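# Secondary and tertiary structure notes
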Amino acid sequence: MRYPLKVALKSLWLERWINLLSILSIGVGLFILGFVGFILYNVEGLTKGAPERLTITVFLKDEIPRTDIQRVIDSVKKRAFVKSVRFISKEEALEELKEALRESAYLVEGIDENPLFASLVIRLKGDGLNKKDLDAFLASLRKEKIVDEVIFGEEVMNKLLGVITNVKIGVVVVGLLFCVAIVFICYSTVKMLFYRRKEEVEIYKLLGATKGFIRSPFLFEGLLLGLGGGIIASIGNLLVSKFLEELSNPTLPFMRYVVMPEEIVILLPLIGMTLGVVGSAIALGKIRY
Amino acid sequence: MIRFEGVTKVYDTITALRHVTFTIEKGEFVYITGPSGAGKSTLLKLIYLAERPDSGNISIAGWDYKSLKEKAVPYLRRNVGVVFQDFKLLPNKTVYDNIAITLRIRGFKEREIKERVYEALKMVNLRHKADAYPPTLSGGEQQRATIARAIVGEPTILIADEPTGNLDADNAAGIMRIFRNIHSKGTTVVFATHNRELFRNTGMRVLRLDSGNLVADEIG
Ligand SMILES: Nc1ncnc2c1ncn2[C@@H]1O[C@H](COP(=O)(O)OP(=O)(O)OP(=O)(O)O)[C@@H](O)[C@H]1O
Ligand SMILES: [Mg+2]
(Lines give C-alpha, C1' and ligand atoms only; values in the text may rest on other atoms or scores of the structure.)
(Ligands and ions follow the chains in the order given, each with its own letter.)
Protein backbone atom coordinates (compact mmCIF):
# COMPACT_ATOMS: atom_id res chain seq x y z
CA MET A 1 0.00 0.00 0.00
CA ARG A 2 2.85 2.39 0.81
CA TYR A 3 4.76 1.83 -2.42
CA PRO A 4 1.95 2.64 -4.91
CA LEU A 5 1.12 5.74 -2.89
CA LYS A 6 4.74 6.83 -3.10
CA VAL A 7 4.78 6.22 -6.86
CA ALA A 8 1.53 8.15 -7.23
CA LEU A 9 2.83 11.13 -5.26
CA LYS A 10 6.05 11.15 -7.23
CA SER A 11 4.21 11.01 -10.54
CA LEU A 12 1.87 13.79 -9.43
CA TRP A 13 4.90 15.89 -8.58
CA LEU A 14 6.71 15.14 -11.84
CA GLU A 15 3.72 16.37 -13.84
CA ARG A 16 2.81 18.99 -11.28
CA TRP A 17 1.58 21.73 -13.63
CA ILE A 18 -0.80 19.52 -15.55
CA ASN A 19 -1.97 17.94 -12.31
CA LEU A 20 -2.43 21.32 -10.67
CA LEU A 21 -4.59 22.34 -13.60
CA SER A 22 -6.65 19.16 -13.24
CA ILE A 23 -7.03 19.65 -9.49
CA LEU A 24 -8.18 23.24 -10.06
CA SER A 25 -10.68 22.14 -12.73
CA ILE A 26 -11.97 19.40 -10.44
CA GLY A 27 -12.06 21.96 -7.64
CA VAL A 28 -14.19 24.32 -9.71
CA GLY A 29 -16.49 21.47 -10.74
CA LEU A 30 -16.91 20.28 -7.17
CA PHE A 31 -17.35 23.85 -5.96
CA ILE A 32 -20.27 24.32 -8.33
CA LEU A 33 -21.58 20.90 -7.31
CA GLY A 34 -21.37 22.01 -3.69
CA PHE A 35 -23.00 25.34 -4.48
CA VAL A 36 -25.84 23.62 -6.29
CA GLY A 37 -26.27 21.36 -3.25
CA PHE A 38 -26.26 24.45 -1.10
CA ILE A 39 -29.06 25.97 -3.20
CA LEU A 40 -31.08 22.76 -2.92
CA TYR A 41 -30.56 22.68 0.83
CA ASN A 42 -31.76 26.24 1.22
CA VAL A 43 -34.71 25.87 -1.14
CA GLU A 44 -35.78 22.89 0.96
CA GLY A 45 -35.36 24.94 4.10
CA LEU A 46 -37.26 27.87 2.65
CA THR A 47 -40.19 25.91 1.36
CA LYS A 48 -40.46 23.32 4.05
CA GLY A 49 -42.40 25.63 6.36
CA ALA A 50 -44.49 27.19 3.64
CA PRO A 51 -47.38 24.73 3.43
CA GLU A 52 -47.70 24.79 7.21
CA ARG A 53 -48.45 28.43 7.02
CA LEU A 54 -51.18 27.80 4.50
CA THR A 55 -54.59 26.66 5.66
CA ILE A 56 -57.58 25.29 3.83
CA THR A 57 -60.82 26.89 4.85
CA VAL A 58 -63.91 24.80 4.12
CA PHE A 59 -67.20 26.68 4.42
CA LEU A 60 -70.08 24.44 5.31
CA LYS A 61 -73.71 24.72 4.33
CA ASP A 62 -76.25 25.79 6.95
CA GLU A 63 -78.32 23.43 9.09
CA ILE A 64 -76.13 20.36 8.86
CA PRO A 65 -76.34 17.59 11.45
CA ARG A 66 -73.29 17.43 13.70
CA THR A 67 -72.76 13.75 12.79
CA ASP A 68 -72.20 14.59 9.11
CA ILE A 69 -69.65 17.20 10.07
CA GLN A 70 -67.89 14.77 12.36
CA ARG A 71 -67.74 12.21 9.55
CA VAL A 72 -65.98 14.70 7.25
CA ILE A 73 -63.60 15.74 10.04
CA ASP A 74 -62.68 12.11 10.64
CA SER A 75 -62.00 11.43 6.99
CA VAL A 76 -59.90 14.58 6.70
CA LYS A 77 -57.87 13.64 9.76
CA LYS A 78 -56.94 10.34 8.13
CA ARG A 79 -54.86 12.08 5.44
CA ALA A 80 -51.17 11.79 6.14
CA PHE A 81 -50.36 15.37 5.24
CA VAL A 82 -53.07 16.95 7.41
CA LYS A 83 -51.69 18.42 10.59
CA SER A 84 -54.92 19.51 12.26
CA VAL A 85 -58.62 20.18 11.66
CA ARG A 86 -60.63 22.69 13.62
CA PHE A 87 -64.35 23.10 13.46
CA ILE A 88 -65.66 26.65 13.81
CA SER A 89 -69.38 26.95 14.35
CA LYS A 90 -71.46 29.91 13.18
CA GLU A 91 -71.46 31.28 16.74
CA GLU A 92 -67.74 30.93 17.17
CA ALA A 93 -67.24 32.61 13.84
CA LEU A 94 -69.27 35.55 15.02
CA GLU A 95 -67.35 35.73 18.30
CA GLU A 96 -64.12 35.71 16.37
CA LEU A 97 -65.33 38.42 14.09
CA LYS A 98 -66.33 40.56 17.07
CA GLU A 99 -62.99 39.90 18.66
CA ALA A 100 -61.24 40.90 15.48
CA LEU A 101 -63.24 44.07 15.06
CA ARG A 102 -63.06 44.93 18.77
CA GLU A 103 -63.52 48.74 18.80
CA SER A 104 -65.75 48.56 15.79
CA ALA A 105 -67.77 45.72 17.30
CA TYR A 106 -70.85 47.90 17.15
CA LEU A 107 -70.91 47.18 13.45
CA VAL A 108 -72.15 43.69 14.08
CA GLU A 109 -74.07 44.52 17.25
CA GLY A 110 -77.35 45.18 15.60
CA ILE A 111 -77.53 42.06 13.53
CA ASP A 112 -79.88 39.51 14.98
CA GLU A 113 -79.47 36.78 12.42
CA ASN A 114 -75.93 35.39 12.21
CA PRO A 115 -74.82 35.91 8.59
CA LEU A 116 -71.64 33.84 8.96
CA PHE A 117 -70.97 30.24 7.99
CA ALA A 118 -69.69 27.35 10.00
CA SER A 119 -66.33 26.21 8.69
CA LEU A 120 -63.46 23.73 8.97
CA VAL A 121 -59.93 25.06 9.18
CA ILE A 122 -57.42 22.51 7.96
CA ARG A 123 -53.71 22.90 8.57
CA LEU A 124 -51.18 20.97 6.45
CA LYS A 125 -47.87 19.38 7.23
CA GLY A 126 -44.89 20.71 5.32
CA ASP A 127 -43.25 17.50 4.28
CA GLY A 128 -44.66 14.59 2.38
CA LEU A 129 -46.90 16.93 0.44
CA ASN A 130 -47.21 16.65 -3.31
CA LYS A 131 -49.35 18.39 -5.85
CA LYS A 132 -51.26 15.34 -7.02
CA ASP A 133 -52.41 14.27 -3.56
CA LEU A 134 -53.27 17.81 -2.64
CA ASP A 135 -55.40 18.30 -5.76
CA ALA A 136 -57.20 15.02 -5.16
CA PHE A 137 -57.83 16.03 -1.56
CA LEU A 138 -59.29 19.40 -2.54
CA ALA A 139 -61.49 17.79 -5.19
CA SER A 140 -62.84 15.27 -2.69
CA LEU A 141 -63.64 18.04 -0.23
CA ARG A 142 -65.57 19.94 -2.88
CA LYS A 143 -67.64 16.85 -3.67
CA GLU A 144 -68.87 16.54 -0.08
CA LYS A 145 -72.59 17.39 0.18
CA ILE A 146 -72.16 19.46 3.30
CA VAL A 147 -69.45 21.61 1.76
CA ASP A 148 -70.38 24.94 0.32
CA GLU A 149 -67.01 26.32 -0.70
CA VAL A 150 -63.35 25.50 -0.30
CA ILE A 151 -60.90 28.36 -0.07
CA PHE A 152 -57.23 27.67 -0.48
CA GLY A 153 -54.34 29.47 -2.04
CA GLU A 154 -54.10 26.79 -4.67
CA GLU A 155 -52.47 28.90 -7.28
CA VAL A 156 -49.76 29.97 -4.90
CA MET A 157 -49.32 26.47 -3.51
CA ASN A 158 -49.16 24.85 -6.93
CA LYS A 159 -46.67 27.37 -8.16
CA LEU A 160 -44.53 26.80 -5.11
CA LEU A 161 -44.65 23.03 -5.44
CA GLY A 162 -43.93 23.35 -9.15
CA VAL A 163 -40.94 25.58 -8.49
CA ILE A 164 -39.58 23.17 -5.89
CA THR A 165 -39.88 20.26 -8.30
CA ASN A 166 -38.20 22.20 -11.10
CA VAL A 167 -35.40 23.34 -8.85
CA LYS A 168 -34.84 19.77 -7.69
CA ILE A 169 -34.77 18.43 -11.27
CA GLY A 170 -32.42 21.24 -12.28
CA VAL A 171 -30.13 20.51 -9.36
CA VAL A 172 -29.97 16.81 -10.16
CA VAL A 173 -29.28 17.45 -13.87
CA VAL A 174 -26.61 20.06 -13.19
CA GLY A 175 -25.10 17.85 -10.48
CA LEU A 176 -24.90 14.85 -12.79
CA LEU A 177 -23.38 16.93 -15.58
CA PHE A 178 -20.68 18.16 -13.26
CA CYS A 179 -20.01 14.64 -11.96
CA VAL A 180 -19.54 13.45 -15.54
CA ALA A 181 -17.25 16.41 -16.24
CA ILE A 182 -15.13 15.63 -13.17
CA VAL A 183 -14.88 11.97 -14.10
CA PHE A 184 -13.78 13.05 -17.56
CA ILE A 185 -11.07 15.36 -16.21
CA CYS A 186 -9.67 12.54 -14.06
CA TYR A 187 -9.99 10.16 -16.97
CA SER A 188 -7.97 12.29 -19.36
CA THR A 189 -5.36 13.22 -16.78
CA VAL A 190 -4.73 9.63 -15.72
CA LYS A 191 -4.84 8.47 -19.34
CA MET A 192 -2.08 10.95 -20.12
CA LEU A 193 -0.05 9.90 -17.08
CA PHE A 194 -0.50 6.28 -18.12
CA TYR A 195 0.70 6.89 -21.66
CA ARG A 196 3.75 8.73 -20.37
CA ARG A 197 4.62 5.64 -18.36
CA LYS A 198 3.55 3.06 -20.91
CA GLU A 199 7.09 1.78 -21.45
CA GLU A 200 7.63 1.47 -17.73
CA VAL A 201 4.38 -0.46 -17.37
CA GLU A 202 5.36 -2.84 -20.17
CA ILE A 203 8.65 -3.58 -18.41
CA TYR A 204 6.90 -4.12 -15.07
CA LYS A 205 4.63 -6.66 -16.73
CA LEU A 206 7.63 -8.59 -18.03
CA LEU A 207 9.17 -8.53 -14.56
CA GLY A 208 6.07 -10.21 -13.16
CA ALA A 209 3.89 -7.33 -11.95
CA THR A 210 0.23 -8.10 -11.32
CA LYS A 211 -2.57 -5.93 -12.68
CA GLY A 212 -3.16 -4.63 -9.18
CA PHE A 213 0.46 -3.51 -8.86
CA ILE A 214 0.24 -1.70 -12.19
CA ARG A 215 -3.14 -0.15 -11.54
CA SER A 216 -2.86 1.00 -7.95
CA PRO A 217 -0.50 3.99 -8.44
CA PHE A 218 -2.81 5.35 -11.14
CA LEU A 219 -5.90 4.81 -9.01
CA PHE A 220 -4.14 6.61 -6.17
CA GLU A 221 -3.36 9.44 -8.55
CA GLY A 222 -7.01 9.76 -9.52
CA LEU A 223 -7.98 9.59 -5.86
CA LEU A 224 -5.50 12.31 -4.90
CA LEU A 225 -6.59 14.54 -7.80
CA GLY A 226 -10.19 14.20 -6.62
CA LEU A 227 -9.21 14.77 -3.01
CA GLY A 228 -7.26 17.90 -3.92
CA GLY A 229 -10.17 19.25 -5.94
CA GLY A 230 -12.56 18.38 -3.13
CA ILE A 231 -10.52 20.26 -0.56
CA ILE A 232 -10.34 23.32 -2.80
CA ALA A 233 -14.09 23.15 -3.40
CA SER A 234 -14.80 22.81 0.33
CA ILE A 235 -12.72 25.84 1.15
CA GLY A 236 -14.40 27.79 -1.65
CA ASN A 237 -17.85 26.87 -0.47
CA LEU A 238 -17.08 27.71 3.13
CA LEU A 239 -15.79 31.13 2.10
CA VAL A 240 -18.88 31.81 0.00
CA SER A 241 -21.25 30.73 2.75
CA LYS A 242 -19.38 32.89 5.27
CA PHE A 243 -19.78 35.79 2.89
CA LEU A 244 -23.50 35.12 2.44
CA GLU A 245 -23.99 34.79 6.18
CA GLU A 246 -22.40 38.17 6.71
CA LEU A 247 -24.68 39.61 4.06
CA SER A 248 -27.81 37.95 5.32
CA ASN A 249 -29.97 39.95 7.63
CA PRO A 250 -31.63 37.95 10.40
CA THR A 251 -34.59 40.31 10.37
CA LEU A 252 -35.37 39.30 6.81
CA PRO A 253 -37.12 35.97 7.20
CA PHE A 254 -35.91 34.82 3.78
CA MET A 255 -32.24 35.33 4.50
CA ARG A 256 -32.34 33.49 7.79
CA TYR A 257 -32.35 30.25 5.87
CA VAL A 258 -29.07 30.84 4.08
CA VAL A 259 -26.82 28.30 5.73
CA MET A 260 -24.15 25.90 4.51
CA PRO A 261 -24.54 22.36 5.79
CA GLU A 262 -21.34 21.45 7.60
CA GLU A 263 -21.22 17.96 6.06
CA ILE A 264 -20.16 19.56 2.80
CA VAL A 265 -16.59 19.81 4.12
CA ILE A 266 -16.35 16.03 4.21
CA LEU A 267 -18.78 15.30 1.41
CA LEU A 268 -17.02 17.20 -1.39
CA PRO A 269 -13.60 15.55 -0.89
CA LEU A 270 -15.36 12.19 -0.64
CA ILE A 271 -17.27 12.77 -3.87
CA GLY A 272 -14.04 14.01 -5.47
CA MET A 273 -12.12 10.90 -4.45
CA THR A 274 -14.88 8.60 -5.70
CA LEU A 275 -15.15 10.36 -9.05
CA GLY A 276 -11.35 10.44 -9.32
CA VAL A 277 -11.04 6.70 -8.81
CA VAL A 278 -13.90 6.04 -11.25
CA GLY A 279 -12.25 8.27 -13.87
CA SER A 280 -8.87 6.58 -13.53
CA ALA A 281 -10.38 3.09 -13.54
CA ILE A 282 -12.06 3.92 -16.86
CA ALA A 283 -8.80 5.40 -18.17
CA LEU A 284 -6.82 2.26 -17.32
CA GLY A 285 -9.38 -0.02 -18.92
CA LYS A 286 -8.55 -3.67 -19.19
CA ILE A 287 -4.89 -4.48 -18.60
CA ARG A 288 -3.52 -7.49 -20.44
CA TYR A 289 -0.34 -9.34 -19.61
CA MET B 1 11.81 -27.48 -16.87
CA ILE B 2 11.18 -26.08 -20.38
CA ARG B 3 9.42 -28.10 -23.04
CA PHE B 4 8.50 -27.01 -26.59
CA GLU B 5 6.26 -29.30 -28.63
CA GLY B 6 5.85 -28.48 -32.32
CA VAL B 7 5.85 -24.75 -31.58
CA THR B 8 5.21 -22.40 -34.49
CA LYS B 9 5.26 -18.61 -34.29
CA VAL B 10 4.25 -16.43 -37.21
CA TYR B 11 4.64 -12.64 -37.47
CA ASP B 12 2.36 -11.40 -40.24
CA THR B 13 4.09 -13.10 -43.19
CA ILE B 14 7.33 -14.21 -41.49
CA THR B 15 7.47 -17.59 -39.80
CA ALA B 16 9.89 -16.84 -36.95
CA LEU B 17 9.74 -20.41 -35.57
CA ARG B 18 8.57 -23.51 -37.40
CA HIS B 19 7.47 -26.63 -35.55
CA VAL B 20 10.19 -26.46 -32.91
CA THR B 21 10.45 -29.30 -30.39
CA PHE B 22 12.98 -29.65 -27.53
CA THR B 23 13.23 -30.14 -23.80
CA ILE B 24 15.55 -28.42 -21.33
CA GLU B 25 16.00 -30.12 -17.96
CA LYS B 26 16.29 -28.43 -14.61
CA GLY B 27 19.80 -27.12 -13.94
CA GLU B 28 20.94 -27.30 -17.57
CA PHE B 29 22.94 -24.56 -19.31
CA VAL B 30 21.76 -24.35 -22.90
CA TYR B 31 22.98 -22.07 -25.67
CA ILE B 32 20.61 -21.00 -28.43
CA THR B 33 22.50 -19.99 -31.53
CA GLY B 34 21.97 -19.17 -35.18
CA PRO B 35 22.38 -16.25 -37.56
CA SER B 36 20.59 -12.95 -37.13
CA GLY B 37 16.86 -13.35 -37.73
CA ALA B 38 16.98 -17.09 -37.07
CA GLY B 39 14.37 -16.82 -34.31
CA LYS B 40 16.50 -16.85 -31.14
CA SER B 41 14.79 -13.88 -29.48
CA THR B 42 11.39 -15.19 -30.52
CA LEU B 43 12.10 -18.52 -28.83
CA LEU B 44 13.09 -16.75 -25.61
CA LYS B 45 10.06 -14.44 -25.74
CA LEU B 46 7.85 -17.49 -25.87
CA ILE B 47 9.49 -18.74 -22.67
CA TYR B 48 8.82 -15.56 -20.71
CA LEU B 49 5.37 -15.18 -22.29
CA ALA B 50 6.05 -11.92 -24.10
CA GLU B 51 4.76 -13.74 -27.18
CA ARG B 52 2.15 -16.49 -27.61
CA PRO B 53 2.67 -19.47 -29.93
CA ASP B 54 0.42 -19.82 -32.96
CA SER B 55 0.44 -23.59 -32.62
CA GLY B 56 2.09 -26.28 -30.57
CA ASN B 57 2.44 -26.34 -26.80
CA ILE B 58 4.91 -24.94 -24.31
CA SER B 59 5.37 -26.01 -20.73
CA ILE B 60 7.53 -24.07 -18.29
CA ALA B 61 8.39 -24.99 -14.69
CA GLY B 62 5.44 -27.34 -14.65
CA TRP B 63 3.00 -24.77 -16.01
CA ASP B 64 1.29 -25.84 -19.19
CA TYR B 65 0.87 -22.91 -21.52
CA LYS B 66 -2.49 -24.08 -22.89
CA SER B 67 -4.15 -24.40 -19.50
CA LEU B 68 -2.40 -21.39 -18.01
CA LYS B 69 -4.84 -18.85 -16.59
CA GLU B 70 -4.27 -15.17 -17.37
CA LYS B 71 -4.03 -14.52 -13.64
CA ALA B 72 -1.08 -16.90 -13.29
CA VAL B 73 1.07 -15.12 -15.89
CA PRO B 74 2.81 -12.70 -13.48
CA TYR B 75 3.62 -15.51 -11.06
CA LEU B 76 5.12 -17.62 -13.84
CA ARG B 77 7.21 -14.66 -14.98
CA ARG B 78 8.62 -14.29 -11.47
CA ASN B 79 10.23 -17.71 -11.94
CA VAL B 80 11.96 -16.51 -15.09
CA GLY B 81 14.70 -13.88 -14.91
CA VAL B 82 15.36 -12.21 -18.26
CA VAL B 83 18.37 -10.32 -19.60
CA PHE B 84 16.75 -8.50 -22.52
CA GLN B 85 18.64 -7.95 -25.74
CA ASP B 86 17.69 -4.26 -25.59
CA PHE B 87 18.23 -4.07 -21.78
CA LYS B 88 14.88 -2.42 -21.02
CA LEU B 89 16.35 -0.33 -18.21
CA LEU B 90 14.30 2.70 -17.15
CA PRO B 91 16.44 5.77 -17.95
CA ASN B 92 14.86 7.98 -15.28
CA LYS B 93 15.45 5.56 -12.41
CA THR B 94 18.74 4.80 -10.72
CA VAL B 95 20.43 1.44 -11.21
CA TYR B 96 19.36 0.59 -7.66
CA ASP B 97 15.68 1.35 -8.35
CA ASN B 98 15.78 -0.45 -11.69
CA ILE B 99 16.83 -3.60 -9.88
CA ALA B 100 14.71 -3.05 -6.77
CA ILE B 101 11.49 -2.87 -8.78
CA THR B 102 11.71 -6.62 -9.41
CA LEU B 103 11.40 -7.19 -5.67
CA ARG B 104 8.86 -4.42 -5.05
CA ILE B 105 6.63 -6.15 -7.55
CA ARG B 106 6.93 -9.26 -5.36
CA GLY B 107 6.01 -7.26 -2.26
CA PHE B 108 9.36 -7.46 -0.45
CA LYS B 109 10.11 -5.12 2.46
CA GLU B 110 12.48 -2.25 1.62
CA ARG B 111 15.06 -3.52 4.12
CA GLU B 112 15.31 -6.88 2.47
CA ILE B 113 15.22 -5.29 -0.97
CA LYS B 114 18.27 -3.22 -0.07
CA GLU B 115 20.18 -6.27 1.10
CA ARG B 116 19.37 -8.30 -2.00
CA VAL B 117 19.92 -5.50 -4.52
CA TYR B 118 23.41 -4.79 -3.15
CA GLU B 119 24.19 -8.48 -3.19
CA ALA B 120 23.13 -8.74 -6.86
CA LEU B 121 25.14 -5.61 -7.69
CA LYS B 122 28.17 -7.13 -6.02
CA MET B 123 27.81 -10.28 -8.13
CA VAL B 124 28.02 -8.22 -11.32
CA ASN B 125 30.64 -5.91 -9.84
CA LEU B 126 28.51 -2.77 -10.11
CA ARG B 127 28.03 -1.68 -6.49
CA HIS B 128 29.72 1.63 -7.11
CA LYS B 129 27.13 2.51 -9.76
CA ALA B 130 24.03 1.93 -7.62
CA ASP B 131 23.01 5.59 -7.71
CA ALA B 132 23.88 6.20 -11.34
CA TYR B 133 21.26 6.54 -14.08
CA PRO B 134 21.48 3.99 -16.94
CA PRO B 135 22.16 6.52 -19.71
CA THR B 136 25.38 7.51 -17.91
CA LEU B 137 26.65 3.90 -17.90
CA SER B 138 28.84 2.20 -20.48
CA GLY B 139 27.36 -0.60 -22.60
CA GLY B 140 29.02 -3.27 -20.47
CA GLU B 141 27.77 -1.64 -17.25
CA GLN B 142 24.21 -1.45 -18.58
CA GLN B 143 24.52 -5.08 -19.55
CA ARG B 144 25.58 -6.01 -16.01
CA ALA B 145 22.82 -3.88 -14.46
CA THR B 146 20.34 -5.84 -16.57
CA ILE B 147 21.86 -9.10 -15.37
CA ALA B 148 21.61 -7.95 -11.75
CA ARG B 149 17.93 -7.20 -12.26
CA ALA B 150 17.39 -10.65 -13.79
CA ILE B 151 19.04 -12.53 -10.93
CA VAL B 152 17.93 -10.45 -7.93
CA GLY B 153 14.64 -12.34 -7.68
CA GLU B 154 16.50 -15.69 -7.58
CA PRO B 155 14.58 -17.15 -10.55
CA THR B 156 14.58 -20.86 -11.32
CA ILE B 157 15.19 -20.07 -14.98
CA LEU B 158 17.57 -17.38 -16.23
CA ILE B 159 17.18 -16.28 -19.80
CA ALA B 160 19.75 -14.14 -21.57
CA ASP B 161 19.40 -12.65 -25.04
CA GLU B 162 22.82 -11.74 -26.46
CA PRO B 163 24.13 -10.54 -23.09
CA THR B 164 27.61 -10.16 -24.55
CA GLY B 165 26.63 -8.47 -27.79
CA ASN B 166 28.85 -5.48 -28.62
CA LEU B 167 31.21 -6.23 -25.73
CA ASP B 168 34.97 -6.66 -25.97
CA ALA B 169 36.42 -10.09 -25.17
CA ASP B 170 37.39 -9.19 -21.59
CA ASN B 171 33.95 -7.87 -20.72
CA ALA B 172 32.33 -10.84 -22.42
CA ALA B 173 34.48 -13.24 -20.42
CA GLY B 174 33.49 -11.43 -17.20
CA ILE B 175 29.83 -11.80 -18.04
CA MET B 176 30.27 -15.49 -18.89
CA ARG B 177 31.80 -15.99 -15.44
CA ILE B 178 28.70 -14.42 -13.84
CA PHE B 179 26.43 -16.79 -15.74
CA ARG B 180 28.49 -19.87 -14.88
CA ASN B 181 28.45 -18.77 -11.26
CA ILE B 182 24.65 -18.49 -11.25
CA HIS B 183 24.35 -21.79 -13.08
CA SER B 184 26.53 -23.47 -10.49
CA LYS B 185 23.90 -22.55 -7.88
CA GLY B 186 21.34 -24.70 -9.68
CA THR B 187 19.64 -22.17 -11.93
CA THR B 188 18.56 -23.32 -15.38
CA VAL B 189 20.19 -21.00 -17.94
CA VAL B 190 19.09 -20.39 -21.53
CA PHE B 191 21.62 -18.24 -23.32
CA ALA B 192 21.10 -16.91 -26.85
CA THR B 193 24.13 -15.80 -28.84
CA HIS B 194 25.39 -15.78 -32.39
CA ASN B 195 28.99 -15.82 -31.08
CA ARG B 196 30.37 -19.35 -31.45
CA GLU B 197 33.46 -18.47 -29.41
CA LEU B 198 31.32 -18.41 -26.28
CA PHE B 199 30.34 -22.07 -26.38
CA ARG B 200 33.14 -23.66 -28.38
CA ASN B 201 34.68 -26.48 -26.38
CA THR B 202 32.56 -25.78 -23.30
CA GLY B 203 30.88 -29.16 -23.46
CA MET B 204 27.54 -27.40 -23.02
CA ARG B 205 24.42 -28.12 -25.00
CA VAL B 206 23.78 -25.94 -28.06
CA LEU B 207 20.46 -25.58 -29.95
CA ARG B 208 21.04 -24.24 -33.43
CA LEU B 209 18.29 -22.32 -35.25
CA ASP B 210 18.17 -21.36 -38.89
CA SER B 211 15.30 -19.42 -40.47
CA GLY B 212 12.97 -20.56 -37.70
CA ASN B 213 13.90 -24.24 -37.89
CA LEU B 214 15.68 -26.10 -35.13
CA VAL B 215 18.54 -27.57 -37.21
CA ALA B 216 20.86 -28.99 -34.56
CA ASP B 217 20.91 -30.07 -30.92
CA GLU B 218 24.59 -30.67 -30.15
CA ILE B 219 27.40 -30.31 -27.64
CA GLY B 220 29.61 -27.24 -28.03
N1 LIG C 1 7.38 -8.14 -33.56
C2 LIG C 1 7.72 -8.61 -34.75
N3 LIG C 1 6.96 -8.35 -35.84
C4 LIG C 1 7.27 -8.83 -37.05
N5 LIG C 1 8.32 -9.59 -37.29
C6 LIG C 1 9.13 -9.91 -36.26
C7 LIG C 1 8.87 -9.43 -34.95
N8 LIG C 1 9.84 -9.91 -34.12
C9 LIG C 1 10.65 -10.64 -34.89
N10 LIG C 1 10.24 -10.66 -36.17
C11 LIG C 1 10.88 -11.36 -37.27
O12 LIG C 1 11.02 -12.72 -36.89
C13 LIG C 1 12.26 -13.24 -37.30
C14 LIG C 1 13.04 -13.76 -36.11
O15 LIG C 1 13.36 -12.68 -35.26
P16 LIG C 1 14.21 -12.83 -33.94
O17 LIG C 1 14.22 -11.52 -33.25
O18 LIG C 1 13.68 -13.99 -33.17
O19 LIG C 1 15.64 -13.16 -34.50
P20 LIG C 1 17.02 -13.37 -33.72
O21 LIG C 1 17.46 -14.75 -34.01
O22 LIG C 1 16.84 -12.99 -32.31
O23 LIG C 1 17.95 -12.33 -34.45
P24 LIG C 1 19.15 -11.42 -33.81
O25 LIG C 1 20.34 -12.32 -33.71
O26 LIG C 1 19.35 -10.37 -34.84
O27 LIG C 1 18.68 -10.91 -32.52
C28 LIG C 1 12.98 -12.10 -38.01
O29 LIG C 1 12.83 -12.26 -39.40
C30 LIG C 1 12.26 -10.85 -37.54
O31 LIG C 1 12.27 -9.89 -38.56
MG1 LIG D 1 17.51 -11.49 -31.10
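Counting restarts for each chain, with residues numbered from 1 along the sequence as it is written. Both sets of labels track the order of writing: A upward for chains, 1 upward for ligands. Totals for whole chains, interfaces and linings use all residues, but because this is a predicted model, local features are given only for residues with pLDDT of at least 70 and pairs of side-chain atoms are given and counted only at 80 or more. Hydrogens and waters are ignored; side-chain quantities use all the structure's heavy atoms.

## A look at the coordination of the magnesium ion (ligand 2)
Residue and element names in this part refer to chain B. Water is not among the atoms examined, so metal sites may look incomplete; donors are the N, O and S atoms within 2.8 Å of the metal, or within 3.2 Å for Na, K and Ca. Taken together, S41 (OG) and Q85 (OE1) make up the protein donors of the magnesium ion (ligand 2), found 1.9 to 2.4 Å from the metal. In this pair, S41 is assigned in helix α1 (residues 40-47) and Q85 in the loop between β6 (80-83) and α3 (95-105), connecting sequence segments 44 residues apart. Overall, the relative accessible area of 19% leaves S41 in the buried class. To sort residues, take the accessible area from a 1.4 Å probe on protein chains only and compare it with the maximum for the residue type: under 20% means buried, over 50% means exposed, and anything in between is partly exposed. The class of Q85 is partly exposed, set by a relative accessible area of 44%. A helix here means a DSSP run of H or I that spans at least four residues, while a strand means a run of E at least two residues long, and both kinds are numbered starting from the N terminus.

## Digging into the site of ligand 1
All names here are of chain B. Near ligand 1 there are 13 residues, and of these S36, G37, K40, S41 and T42 occur at the shortest range. Polar contact is the term for a pair of N or O atoms within 3.5 Å; when the atoms are in protein, one must be able to donate a hydrogen and the other to accept it, and sequence-neighboring residues count only if both atoms are side-chain atoms. Note that an oxygen atom of ligand 1 is positioned 2.5 Å from one of the side-chain N or O atoms of S36. Calculation on ligand 1 without its partners gives an accessible area of 630 Å², and the protein chains cover 67% of this total. Sorting the residues of the shell around ligand 1 by element identifies β2 (14-24) and α1 as the ones contributing at least two each. With three residues, α1 is the single largest residue contributor to the shell around ligand 1. Throughout, the term near means that a residue has one or more heavy atoms lying within 4 Å of the molecule or strand in question. Shrake-Rupley sampling with a 1.4 Å probe provides the accessible areas, and residues are treated as covered by the protein chains on show and by no other component.

## Overview of the pairing of strand β1 (residues 2-11) of chain B
Residue and element names in this part refer to chain B. Here a strand pair is declared whenever DSSP counts at least two bridges between the two strands. As paired elements, β1 and β2 share seven bridges and run antiparallel to each other. When the bridges of β2 are listed, R3 appears paired with T23. Here β1 folds back onto β2, and the loop between the two strands holds two residues, one of which, D12, carries a positive phi near 45°. Sheet topology places β1 next to strand β4 (residues 55-60); five bridges connect them, and they run antiparallel. Residue pairing in the sheet places R3 in a bridge with S59 of β4.

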